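Letter by letter, the chains look like this.
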Protein chains: 2
Amino acid sequence: MSGSASSVPLTEARVLALSGGVGGAKLARGLGRTLPDWHLAVVCNTGDDFSHLGLEICPDLDSVTYAMAGLADAARGWGRAGETWQAMETLRALGAADWFALGDRDLGLHVWRTERLRGGATLSEIAAEAAARLGVSQHLLPMSDDVVRTRLVTDAGTLDFQDYFVRRRAVPVVSALQYPGAVEARLPAPLAAALAGGWHPDTIVICPSNPYLSIDPILAIPAWRDWLTRVDCPIVAVSPIVGGRALKGCAAKMMLELGHEVSATTVARHYGALLDGFVIDTADAALAGRIGCDGLAVRVLPTVMYDDADRDALARAVLEFAGSLAAHAPARRR
Amino acid sequence: MSGSASSVPLTEARVLALSGGVGGAKLARGLGRTLPDWHLAVVCNTGDDFSHLGLEICPDLDSVTYAMAGLADAARGWGRAGETWQAMETLRALGAADWFALGDRDLGLHVWRTERLRGGATLSEIAAEAAARLGVSQHLLPMSDDVVRTRLVTDAGTLDFQDYFVRRRAVPVVSALQYPGAVEARLPAPLAAALAGGWHPDTIVICPSNPYLSIDPILAIPAWRDWLTRVDCPIVAVSPIVGGRALKGCAAKMMLELGHEVSATTVARHYGALLDGFVIDTADAALAGRIGCDGLAVRVLPTVMYDDADRDALARAVLEFAGSLAAHAPARRR
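What you are looking at is a predicted structure, and each value in this text was computed from that prediction instead of being measured.

**Q** Hey, could you go over helix α1 (residues 22-34) of chain A for me, with residue numbers and the actual values?
**A** Since one α-helical turn is 3.6 residues long, residues separated by three or four positions face the same way. Residue and element names in this part refer to chain A. Compared with the 18 Å implied by 1.5 Å per residue over 13 residues, the 19 Å span of α1 between its first and last C-alpha is a close match. The complete set of buried residues in α1 reads G23, G24, A25, L27, A28, R29, G30, L31 and G32. Elements that come into contact with the buried residues of α1 comprise β1 (15-19), β2 (40-44), α2 (59-69), β9 (203-206), β10 (235-238) and α13 (308-327).

**Q** Tell me about the nonpolar core, residues and numbers included.
**A** Core analysis: the largest hydrophobic core is formed by 76 residues, its most contacted members being L27, L31 and L102 of chain A together with L102 of chain B. Among the elements that line this core, the one with the most residues is α13 of chain A, at eight residues. Aside from chain neighbours lying at most four places away, what touches L102 of chain B is H52, L53, L55, I57, W85, M88, L91, L107 and H110 of chain B.

**Q** Got a sec to walk through the pattern of salt bridges? Specific residues and values, please.
**A** Residue and element names in this part refer to chain B. Applying the stated rule across the entire model yields 28 salt bridges over all chains. Notably, a salt bridge pairs R33 with D312, separated by 2.8 Å at the nearest N-O pair. Taken together, the positions of R33 in helix α1 (residues 22-34) and D312 in helix α13 (residues 308-327) put the pair 279 residues apart, joining distant regions of the chain. Residue D312 is classed as buried on the basis of its relative accessible area, which comes to 13%.

**Q** Residue-level account of the packing of helix α8 (residues 211-219) of chain A against helix α11 (residues 264-271) of chain A, with values.
**A** The description of two helices packed together rests on the angle between their axes and the distance between the axes. Residues and elements named next belong to chain A. Interhelical geometry of α8 versus α11 gives an angle of 10° and a closest axis separation of 12 Å. Classified by the angle their axes make, α8 and α11 are roughly parallel. Residues P211, Y212, I215, D216 and L219 of α8 form the contact with α11, whose own contacting residues are T266, V267, H270 and Y271. Classifying every residue of the contact of α8 with α11 by side-chain character gives six nonpolar, two polar and one charged.

**Q** Give me the lowdown on the relation of the copies chain A and chain B, citing residues and values where you can.
**A** At an RMSD of 0.0 Å, chain A and chain B line up after a rotation of 180° and a shift of 0.0 Å along the axis. Such a combination of rotation and displacement between the chain copies is what one expects of a two-fold axis. For chain A, the minimum C-alpha distance to the rotation axis belongs to D104 of chain A and amounts to 3.1 Å. Same-surface contact between copies: 100% of interface residues of chain A are shared with the interface of chain B.

**Q** Run through the packing of aromatic side chains, naming residues and quoting values.
**A** Going through the model one piece at a time under the given rule, you end up with twelve aromatic pairs over all chains. The interplanar angle of 35° and the centroid separation of 6.0 Å between the aromatic rings of F50 of chain B and W99 of chain B together place this pair among those described as tilted. Remark: W99 of chain B occurs in the loop between α3 (86-93) and α4 (104-118) and F50 of chain B occurs in strand β3 (residues 50-52); sequence separation between them is 49 residues. Pairwise contacts between aromatic rings join F50, W99 and F100 of chain A into one cluster. Geometry around W78 of chain B places R76 of chain B over its ring, the cationic atom sitting 4.8 Å from the centre.

**Q** Would you mind going over helix α5 (residues 123-133) of chain A in detail, with residue names and values included?
**A** Residues and elements named next belong to chain A. Burial runs high along α5: eight of the eleven residues are buried. Listed as buried for α5 are L123, S124, I126, A127, E129, A130, A131 and A132. Its buried side turned inward, α5 meets α2, α4 (104-118), β5 (139-142) and α7 (189-196). Downstream of α5 by one or two residues, G135 has phi in the positive range, about 100°.

**Q** Any details on the interface of chain A and chain B? Residues and values, ideally.
**A** Between chain A and chain B, the contact holds 28 residues from the first and 29 residues from the second. Across the chain A/chain B interface, buried area totals approximately 2300 Å², and carbon plus sulfur atoms make up 62% of it. The largest per-residue losses of area from chain A upon contact with chain B belong to Q86, L94 and V111 of chain A, which jointly make up 27% of the total buried on that side. Viewed at the interface, chain B and chain A are joined by zero salt bridges. There are twelve residue pairs in polar contact (both at pLDDT 80 or more) connecting chain A and chain B.

**Q** Give me the lowdown on the sheet that holds strand β1 (residues 15-19) of chain B, citing residues and values where you can.
**A** Residues and elements named next belong to chain B. Overall, parallel pairing links the seven strands, which are arranged β5-β2-β1-β9-β10-β13-β14 in an open sheet. Since the sheet does not close on itself, it has two edges, and those belong to β5 (139-142) and β14 (297-301), each with one partner. The mean angle between the axes of side-by-side strands here comes to 20°, regardless of whether they run parallel or antiparallel. When strand β2 (residues 40-44) meets β5, the two strands line up parallel, connected through four bridges. Bridge pairing links C44 to P142 in β5. Docked against the sheet, α13 engages β1, β9 (203-206), β10 (235-238), β13 (277-281) and β14, running at close to 160° with respect to β14.

**Q** So what about the confidence of the model for chain A? Which residues, and what values?
**A** All names here are of chain A. Residue-level pLDDT values for chain A average 94, and 96% of them are 70 or greater. This model gives residues 1-5 a pLDDT under 50, and the stretch forms 14 contacts once residues within four places in sequence are excluded. Model confidence for the complex: the whole-complex pTM is 0.92, and ipTM, which rates the interface, is 0.91.

**Q** Residues and numbers for the sheet that holds strand β7 (residues 157-160) of chain A, please.
**A** All names here are of chain A. Pairing is antiparallel in the open sheet, where three strands are placed in the order β7-β6-β8. Whereas interior strands pair on both sides, the edge strands pair on one side only; in this sheet they are β7 and β8 (174-178). Neighbour-to-neighbour, the strand axes of the sheet open up by a mean angle of 25°, direction not taken into account. Here strand β6 (residues 151-154) pairs with β8 via four bridges, running antiparallel. If you follow T154 over to β8, its bridge partner there is V174.

**Q** For the packing of α1 of chain A against α13 of chain A, give the residues involved together with the corresponding values.
**A** All names here are of chain A. At a minimum axis distance of 8 Å, the contact between α1 and α13 shows a crossing angle of 75°. When the interaxial angle is binned, α1 and α13 end up roughly perpendicular. Along the contact surface, α1 presents K26, L27, R29, G30, L31, R33 and T34, while α13 presents D308, R311, D312, L314, A315, R316 and L319. Grouping the amino acids of the contact of α1 with α13 by side-chain chemistry returns five nonpolar, two polar and seven charged.

**Q** Could you give an account of the environment of G295 of chain A, with specific residues and numbers?
**A** All names here are of chain A. The residue G295 is located in the loop between α12 (288-291) and β14 (297-301) in this model. On the basis of relative accessibility, which here comes to 54%, the residue G295 falls in the exposed class. Spatially, the C-alpha atoms of G295 and R225 are 21 Å apart, while their sequence positions differ by 70 residues.

**Q** Got a sec to walk through unusual backbone geometry? Specific residues and values, please.
**A** Residues other than glycine seldom take positive phi values, yet L53 of chain A does so here, at roughly 55°. Inspection of the secondary structure assignment puts L53 of chain A in the loop between β3 (50-52) and β4 (55-57). Unlike most non-glycine residues, W38 of chain B shows phi in positive territory, near 65°. Here W38 of chain B lies in the loop between α1 and β2. With a relative accessible area of 16%, W38 of chain B lands in the buried category.

What counts as what
- Residues numbered from 1 in each chain as written.
- Chains lettered and ligands numbered in written order.
- Predicted model: local features only at pLDDT ≥ 70, side-chain atom pairs only at ≥ 80, totals over all residues.
- Heavy atoms only, no water.
- Helix = DSSP H or I, 4+ residues; strand = E, 2+ residues; numbered from the N terminus.
- Expected span 1.5 Å × (residues − 1).
- Buried < 20%, exposed > 50% of the residue type's maximum accessible area, 1.4 Å probe, protein only.
- Contact = heavy atoms within 4.5 Å.
- Core = buried A, V, L, I, M, F, W, Y, C linked by side-chain atoms within 4.5 Å.
- Salt bridge = Lys/Arg side-chain N within 4 Å of Asp/Glu carboxyl O.
- Axes fitted to C-alpha atoms, helices over the stretch in contact; angles between N-to-C directions.
- Parallel < 35°, antiparallel > 145°, perpendicular 65-115°, else oblique.
- Nonpolar A, V, L, I, M, F, W, Y, C, P; charged D, E, K, R; others polar.
- Least-squares fit on C-alpha atoms with pLDDT ≥ 70 in both.
- Phe/Tyr/Trp six-rings, centres within 6.5 Å; stacked < 30°, edge-to-face > 60°.
- Lys NZ or Arg CZ within 6 Å of the ring centre and 35° of its normal.
- Buried area = accessible area lost by both parts, 1.4 Å probe.
- Polar contact = N/O pair within 3.5 Å; in protein donor to acceptor, adjacent residues only side chain to side chain.
- Pairing = 2+ DSSP bridges.
- pLDDT = per-residue confidence, 0-100.

Have a look at this one:
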């Protein structure tokens, strides 16, 4: 360990955010910028992780790390700013699989992580060390140190996530999702240790990530669902569906294929009794009454984040909303 | 396999060259440019190979591949032209060992090779495929598909090659060299198969490489020494020592430390009865009589290669020299 990450225990964190990749990473960055150093812990989906060309790749952890470190490429929307693709060109010349774009800067992290994993380090240790080394002053955790993989049942067969999402560009029609490994998976070691010591956060934020691909893998782990059901703090989610569209990725397409209306309402219903509060976009203000009809607190906010000012504003408003729920000691819905 | 490499059997080769990295690669490139496609087979030292950050790295095979493919960086003297170092910067930021410079273009080859080796491919298959994919129309082979490692006994302890050469910049004083694995190592599979079919080359060239670090690992393999001692064709070496200096690397320093005169004479004596002919530089013309006193044919040539014209000229002259030895059926010295 580098020391800088391990020297600050997770128990310093007051806010815990659950996040997928790019979309969730934006709010995570805003929360990180808004809160004092080490007051935020971001838990990342690892259902998308995969082995590729002998490298262990963690797309969501990396997206969040890059976003929080200020290293993300804003224009491209994924990967690192100033990225180059020279190794990829060599790999292509050699006839290697080239459907997953590996930037040179990104590749350094994959090579390092793969060697650390082979050397026996846990993903929690590696995620914390990478974040600290790249300048992040917040806690970054995988959803588990155990292997959980998102798999999609589609009209093209049952597919691994990256095969579906990157290689096949999310074209196959999805009928169900599976999270093999989830039932056996444990909480990440630093969280388990903090909980064993009686720690709990003041607020839990579910970032505007794809519910099926990014948050459900976390919720599919019984230890996570148990804890989130019992935890004594408000849980607030931000809708990734705005105006009937997904801002990023394939959440809307998947929602339709799974037989649901493409709407923030579907997201709220999906998380159900887990939530104390739900944030929808101003474009969806008309849905507030319907979503809140069974007692769920709803807040209407501008949720589309173009720059750090947007991210900071949303982060502040979400934290304020969660604070109001805690202050008013709402009837717990779960 | 890509097919292009495997479709031309080694038995098409007429000239076999033994080479280390950068220095030998220059003559190998000249030979490749001079001979018809697939008439040259270059056997590379693999004693320098090592595992680093989980990657399997073959410096000499890569240097020769890049040189023959016209991808080498002439100005820097090693690695690929147009190289960038972005992955290395990430690795350094993450606190990874940074004493071995990994270029982004180069890294693509290491990632690919590591995965192919883990998948069960032999180094012969990988070397041939990489060369063919990168545009080389000559045979490229490792000295063995088995693991042989060069180790140096020094005043700083017994060191692995890369530790001595790169990490410690060849500073420790060398008292002996070891080649663990050599005694058990076999000929590379394509060569063993060709020999089993009765093939032999017309000429064998020992490139101007470090005798101790680049050629001795090959000669330390009993199957290689046996074959080279029996083979029915001229063996010609080109001195890597010119005017009492090594053109590249640490051959001169090592020669001194091992108690020898830094001279082309020492190189000729080192290879001894294995050689039919020996090429020295015009700067060393005065040594010709002394080196040839026990019947070794000596040719004085300009051996310093600055560009492809120099490489081609030396290659042609060396082949002509070897041809003259074959034509005159010299009394075999071995």
